[in-house]
Amino acid sequence: MQTNQLLAMFSGSLLLLGLIAFFLARGKAARVRASGTSMYAQPDQYGWFTVMSTAGPALVVGAVGSFIMLLVGAEIPPLLLLASCLVIACIGLVLGVAMVRPDFHARQAIERVIRFFLAGAALISIFTTLGILLSIVFEAIRFFQMQSFWDFITGTTWNPGASFLEAAGRAEEGASAAKFGSVPLFAGTFMITFIAMLVAIPIGLLAAIYMAEFAPPKVRTIAKPVLEVLAGIPTVVYGFFAAITVAPIIVAVAGFFGLEASFNNALAPGIVMGIMIIPFISSLSDDVINSVPNSMREGSLALGLTKGEMIRDIVVPAALPGIISASLLAVSRALGETMIVVMAAGMRPNLTFNPLEDMTTVTVRIVAALTGDQEFASAETLSAFALGLMLFVVTLSLNLVSVIMIRRFREKYRVNNL
Amino acid sequence: MRQSFDDISAQLRARHRRSARLKWASMGALGLAGLFLVLFFADMLVKGLPAFQQAQIQVEVDYSEQASQIPLAAVQEDVRPLVSRGYLRLIPGRMEDNPDLLGTSRMEWVLADGQVDQYLKGHHAKLSNKEMAVVDRLKEDGRAELRFNSTFFSSGDSKMPELAGIASAAMGTVLTLLVTLAVAFPIGVMTAVYLEEFAPDNRFTQLIEININNLAAIPSILFGLLGLAIFINFFGVPRSSPVVGGLTLALMTLPVIIIATRTALRSVPDSIRHAAFGVGCSRWQMVRDHVLPVALPGIMTGSIIGLAQAMGETAPLIIVGMVAFIPDVTNSFTEAATVLPAQIFTWAGEPDRAFIEKTSGGILVLLSILITLNATAVVLRKKFERRW
Amino acid sequence: MNMKVAQRGDSVMKQDQPGQPVTRNEDANHELSIRVNDLNLWYGDFHALKSIDMDLYQKNVTALIGPSGCGKSTFLRCLNRMNDLIPSVRVKGLIEMDGRDVYEPKMDEVALRRRVGMVFQKPNPFPKSIYDNIVYAPKMHDLVSRKADQDELVERALRDAGLWEEVKDKLHQPGTSLSGGQQQRLCIARAIAVQPDVILMDEPTSALDPISTATIEDLMDKLKQQYTIITVTHNMQQAARVADYTAFFHLGEVIEYNDTKTMFSTPHTKKAEDYITGRYG
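Residues numbered from 1 in each chain as written. Chains lettered and ligands numbered in written order. Predicted model: local features only at pLDDT ≥ 70, side-chain atom pairs only at ≥ 80, totals over all residues.

## Some points on the overall build of chain B
Okay, step 1: Scanning chain B for helices and strands turns up 16 helices and three strands.
Okay, step 2: Relative to a compact globule of 388 residues, whose C-alpha radius of gyration would be 21 Å, chain B shows 30 Å and is clearly more extended.
Okay, step 3: Taking the principal axes of the C-alpha coordinates as reference, chain B spans close to 95 × 75 × 40 Å.
Okay, step 4: The burial tally for chain B puts 46% of its 388 residues in the buried class. (Helix = DSSP H or I, 4+ residues; strand = E, 2+ residues; numbered from the N terminus. Rg over C-alpha atoms; globule rule 2.2 N^0.38 Å. Buried ≥ 20, exposed ≤ 12 C-beta atoms within 10 Å, placed from the backbone.)

## Details of the packing of helix α11 (residues 242-266) of chain B against helix α13 (residues 283-312) of chain B
Residues and elements named next belong to chain B.
Okay, step 1: Between α11 and α13, the shortest axis-to-axis distance is 8 Å and the interhelical angle comes to 150°. By the criterion of interaxial angle, the relationship of α11 to α13 is roughly antiparallel. Judged by the twist between their axes, the crossing of α11 over α13 is right-handed. Residue-level inspection shows Leu-249, Met-252, Thr-253, Val-256, Ile-257, Ala-260, Thr-261, Thr-263, Ala-264 and Leu-265 of α11 in contact with α13, the latter providing Val-291, Ala-295, Gly-298, Ile-299, Thr-301, Gly-302, Ser-303, Ile-305, Gly-306, Leu-307, Gln-309 and Ala-310.
Okay, step 2: Along the lines of polarity and charge, the residues of the contact of α11 with α13 split into 13 nonpolar, nine polar and no charged. (Axes fitted to C-alpha atoms, helices over the stretch in contact; angles between N-to-C directions. Parallel < 35°, antiparallel > 145°, perpendicular 65-115°, else oblique. Left-handed = near helix turned anticlockwise from the far one by under 90°. Contact = placed C-beta atoms within 7 Å. Nonpolar A, V, L, I, M, F, W, Y, C, P; charged D, E, K, R; others polar.)

## Some points on the interface of chain C and chain A
Okay, step 1: On the side of chain A, 15 residues touch chain C, which itself brings 18 residues to the contact.
Okay, step 2: Those elements that provide at least two residues to the side of chain C that touches chain A are α2 (109-115), β6 (116-119) and α3 (130-140) of chain C.
Okay, step 3: Looking at side-chain class alone, the side of chain C that touches chain A contains 10 nonpolar, four polar and four charged residues.

## Examining the UniProt feature "transmembrane region" (unreviewed entry) in chain B
Residues and elements named next belong to chain B.
Okay, step 1: Those residues carrying the UniProt feature "transmembrane region" (unreviewed entry) are residues 21-42, 163-195, 215-237, 243-265, 291-312 and 361-380 in this numbering.
Okay, step 2: Taken end to end, residues 163-195 is 88% helix and 0% strand, and its two terminal C-alpha atoms sit 51 Å from one another.
Okay, step 3: The span residues 361-380 is 100% helical and 0% strand by assignment, and the distance between its end C-alpha atoms comes to 29 Å. (UniProt positions renumbered as here; feature names shortened; annotations may be inferred.)

## Some thoughts on the interface of chain B and chain A
Okay, step 1: At the interface, 64 residues of chain B touch 69 residues of chain A.
Okay, step 2: In terms of residue count, the dominant contributor to the side of chain B that touches chain A is helix α1 (residues 5-48) of chain B (18 residues).
Okay, step 3: Counted by class, the side of chain B that touches chain A contains 45 nonpolar, 14 polar and five charged residues.

## Some thoughts on the domain arrangement of chain A
Okay, step 1: Once the domains are mapped, chain A shows domain 1 (3-138) and domain 2 (179-413).
Okay, step 2: The C-alpha-based centres of domain 1 of chain A and domain 2 of chain A are spaced at 49 Å. (Domains from an automatic or database assignment.)

## Re the sheet that holds strand β3 (residues 144-148) of chain B
Residues and elements named next belong to chain B.
Okay, step 1: The sheet built from three strands is open, its strands ordered β2-β1-β3 with antiparallel pairing. Lying at the two open borders of the sheet, with one neighbouring strand each, are β2 (105-111) and β3. Strand after strand, the sheet turns through a mean of 35° between neighbouring axes, direction not considered. (Pairing = 2+ DSSP bridges.)

## A few points about the nonpolar core
Okay, step 1: Grouped together as the largest cluster of nonpolar side chains are 281 residues, with contacts concentrated most on A:Ala207, A:Ala242 and A:Val272.
Okay, step 2: In contact with A:Ala242, other than residues within four places in its own chain, are A:Ala247, A:Ala268, A:Pro269, A:Val272, A:Ile340, A:Met343 and A:Ala344.
Okay, step 3: Counting residues in hydrophobic clusters, the runner-up holds 24 residues, among them B:Val61, B:Ala67, B:Val83 and B:Ala144. (Core = buried A, V, L, I, M, F, W, Y, C linked by C-beta atoms within 7 Å.)

## What about the sheet that holds strand β2 (residues 46-57) of chain C?
Residues and elements named next belong to chain C.
Okay, step 1: Spatially, four strands are ordered β2-β1-β4-β5 in an open sheet, and the strand pairing comes out antiparallel. Strands at the two margins of the open sheet, each flanked by one partner only, are β2 and β5 (100-101).
Okay, step 2: Pairing between strand β1 (residues 32-43) and strand β4 (residues 89-97): eight bridges, direction antiparallel. Of the residues in β4, the one forming a bridge with Arg-35 is Glu-96.

## What to know about helix α8 (residues 167-198) of chain B
Okay, step 1: With 32 residues, α8(B) extends 45 Å from end C-alpha to end C-alpha; this agrees with the ideal 46 Å at 1.5 Å per step.
Okay, step 2: Counting buried residues along α8(B), 23 of its 32 residues qualify, which places the element largely inside the surrounding structure. (Expected span 1.5 Å × (residues − 1).)

## A closer look at the domain arrangement of chain B
All names here are of chain B.
Okay, step 1: By the assigned domains, chain B splits into domain 1 (50-149) and domain 2 (167-384).
Okay, step 2: Summarising the inter-unit geometry, the C-alpha centres of domain 1 and domain 2 are found 44 Å apart.
Okay, step 3: At the interface, eight residues of domain 1 touch six residues of domain 2.
Okay, step 4: When grouped by side-chain class, the residues that make up the side of domain 1 that touches domain 2 number three nonpolar, four polar and one charged.

## Some details on the environment of C:Met201
Residue and element names in this part refer to chain C.
Okay, step 1: Relative to the helices and strands, Met-201 is located in strand β7 (residues 198-202).
Okay, step 2: In sequence terms Met-201 and Ala-148 are 53 residues apart; their C-alpha atoms lie 30 Å from each other.
Okay, step 3: Apart from residues no more than four positions distant in its own chain, Met-201 is found in contact with Val-119, Ile-229, Thr-231 and Val-232.

## Structural notes on the UniProt feature "domain: ABC transmembrane type-1" (unreviewed entry) in chain B
Okay, step 1: Mapped onto the present numbering, the UniProt feature "domain: ABC transmembrane type-1" (unreviewed entry) falls on residues 170-377 of chain B.
Okay, step 2: Helix makes up 76% of residues 170-377 of chain B and strand 0%, whereas the separation of the span's terminal C-alpha atoms amounts to 21 Å.

## Section: the environment of C:Gln121
Residue and element names in this part refer to chain C.
Okay, step 1: Position of Gln-121 relative to the elements: it lies in the loop between β6 and α3.
Okay, step 2: In the structure, Gln-121 is positioned 86 residues away from Ala-207 in sequence and 6.8 Å away in space, judged by C-alpha atoms.
Okay, step 3: The contact partners of Gln-121, leaving out residues within four places of it in the chain, are Asp-202, Glu-203, Ser-206 and Ala-207.

## Focus: unusual backbone geometry
Residues and elements named next belong to chain C.
Okay, step 1: One non-glycine residue with positive phi stands out, namely Asp-38, at about 50°.
Okay, step 2: A positive phi angle, near 65°, is found at Asp-142, a position not held by glycine.
Okay, step 3: Here Asp-142 shows up in the loop between α3 and α4 (147-160).
Okay, step 4: Accessibility expressed as a C-beta count within 10 Å gives 9 for Asp-142, which makes it exposed.

Encoded structure:
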């Protein structure tokens, strides 16, 4: 029988049993009530409780059963599973109806189940993190069984070109052995991130200073959402803009100064990424600067300092932990940014300090490794997970440091809105 | 002897200048960001608006016996290279559907080739001098013009720029976001309700909270790796399908919805909770009947913003294979599909210059949807904003 | 000079010479520091200060008392133009210092604030070390540059503020690590380090414990040898203890400006008497 039909039968009969359970239990409760006995809960609540006792265990057994079938591959006849689920549902129904007694707290039982469900939902976020970690770690381990970890960390050549031949058992035919030295990828990533930060931190911080300290309220209410628009533009759009508009401009400008620039130069994605990140820095810095207590500003002005000196020497240093925290978050964001570099940066691993040359990044190689027609078990595909693992570790540490810093700031000035 | 005002003012001059410099610099920074935004939108409009127009030419179509075999024969030789291949290919089919056409011939406005379109828009086009002359003549006779490009909105992807459209990608986006919303909204709201209203303040709860904040900052591409390794390789969800894309995006959207819902719940004053407890509500009844209805606008706003974010996301979808070439609009959750940003990405990689225009046009559509969504969220928030 | 006693029951003192105290304190110095003439202030539409006349004398402590919301803090903040920070404020009238109108367009409010320092209700040391808290502003003002001069300045300011013995071994710890009373004295030291003429104090002891309060009151007594001190206080005993002159504010007006002893023994207006005897406030 088809899975779909089985599913339909299962849910249909469960629905029917549920309906029966509801009306049986409600009827019983209503009769008990009519006889003058006071009960702990409403008849409806007894009804719902019985529905849960009928459907709950059956659903759990069904889910576990099909899970085992699907994953472990154990041979459980689907019809047997269906039948056992329905039997369990019937037992649940009988037990549930039997529990409809005046001294039974049906409402509390329901609430316990609801609470259980809510807590279960909250666990999903934990499972997501675990899922990311485990899926990456397992595949990364498979990669490191093929390639040395040390070479991966310190190698300066990234040349996965021939690895698919090895996977096919034809290693000898490859012109050169595959090399997975990630240094040039990280060099490219950090270079582009560095350029992005050179754009984003000064502009973002200064814009935040203007909004928090100088701007009239009207300008502020307009400027903040306008800056947020920058953060709302999809990265694929930025990538297109960097590749089609900004990169040719940079090539032309470089040519004007007699320099040679690649059309996949690191400058274009770096600058555009920096612009994308401006609102991350300005928004958080603006909040932090605003929560520096006003007494600091009054105290410094009362000493005969100019507004500029007050901002530079008192307000910004006081807000520094928050600003650093915002910058770290921005760095983490830039390191993991994918579309802009995939579209505007190069594919060639290139260890250089010249931002006009093309260079590639970790995320570009992850995408390249996973979109080719490679067999999943090949070293090149798995290398994506090894790179992903590094990326995860770096961004996670940056995020944690940033959270700790913002917490320090919050404790120092006892502000709660950050 | 203490200094007089004039002495001090004289000393202050340089310091005031420095202060003013900071003010101008900071104002300039904000202006620079704004200027970039203006330049960006102007650039996209200039590049993308022409995509909403497409060249059509009026030619004589000859529905002869020969044309039903070799469609090229339906038009005269001099305009043959100027008519879209995609249009010509349809001729035999039309003749089969409508046998009366056989043997007739008439003047028709037909879709022009992409190069003619580029030529008419004044861009560089790969046309021979002779072909250009033909187009020029047609144009003088009023038989070649730019018309509204309905193909762009009604058809799927194509390798021929004049036939490429966003319909299949738009459908894929809708399907994917439906999955995302169906998964992320209930789980997100439930998580937030649990954390705000039920959870005891212990280490475990703190762990969940830190984890959620962290999840919001993990690079999106890693979610793609998760989707590939867990959903596709482990659970066997079909690759490239809206289901796998939607599930992946749901995990990314989850923290946004959770954080927004928690903020909304927190802004409900405790007096409402106390009042509900006071009339004998249980905790769940209090949440369901009193807190959630009040917090609903905030939850909706957060969800819309989360959805808009998911809608623009590309990197994880590339990893789970949603960059497929989808020429026909499908409405299946399990078949291969693509989404708007992925379509933009695919087009951006096409070597044909005409696709730059298509890409920018797609970007304009995507941006207008995103702006509409965000504006809705803002309006919703303004409308239901309550001060307690 | 003017010993004429106004009639009891008048709501506002009638003064022969606007701004002068009704009774003269013979122990006090009478060189004019700040002359206030017909000062009016509005917060938007709210008329917060109404036609205030007051002569403030050098090297004296002048206390401003009155119920909360009476305008005494607002008045204090006019003297160094701290009210400029609030956008809705409008000021009319004359505040004259050193022959110049404080509110004239040419007046540089930064220069004014250098000569008119301020100590706030809540101690607000900068998030810097004790040493830098004091030396920061003088360095900006070019009063000191050499390291030895800076050390000397820090020591002098801290000695003047009566804090030196307590902190001399921990000058490079953060100013926020001190106790509340010590922080407030640090703020006073910070204010006197820039050598102002006038020090404004806005309820400087209201956030402090009684022992710190007493220390600061002693300090004010010492500081008036060199500085003009104008203090706002909620605490009438404090005004009676430290001030040479006292002004009683009510609903934005100066009801009575008088020698402190006279003010607290035989006030000339009914309102001041009612306030001082605790009938309202």
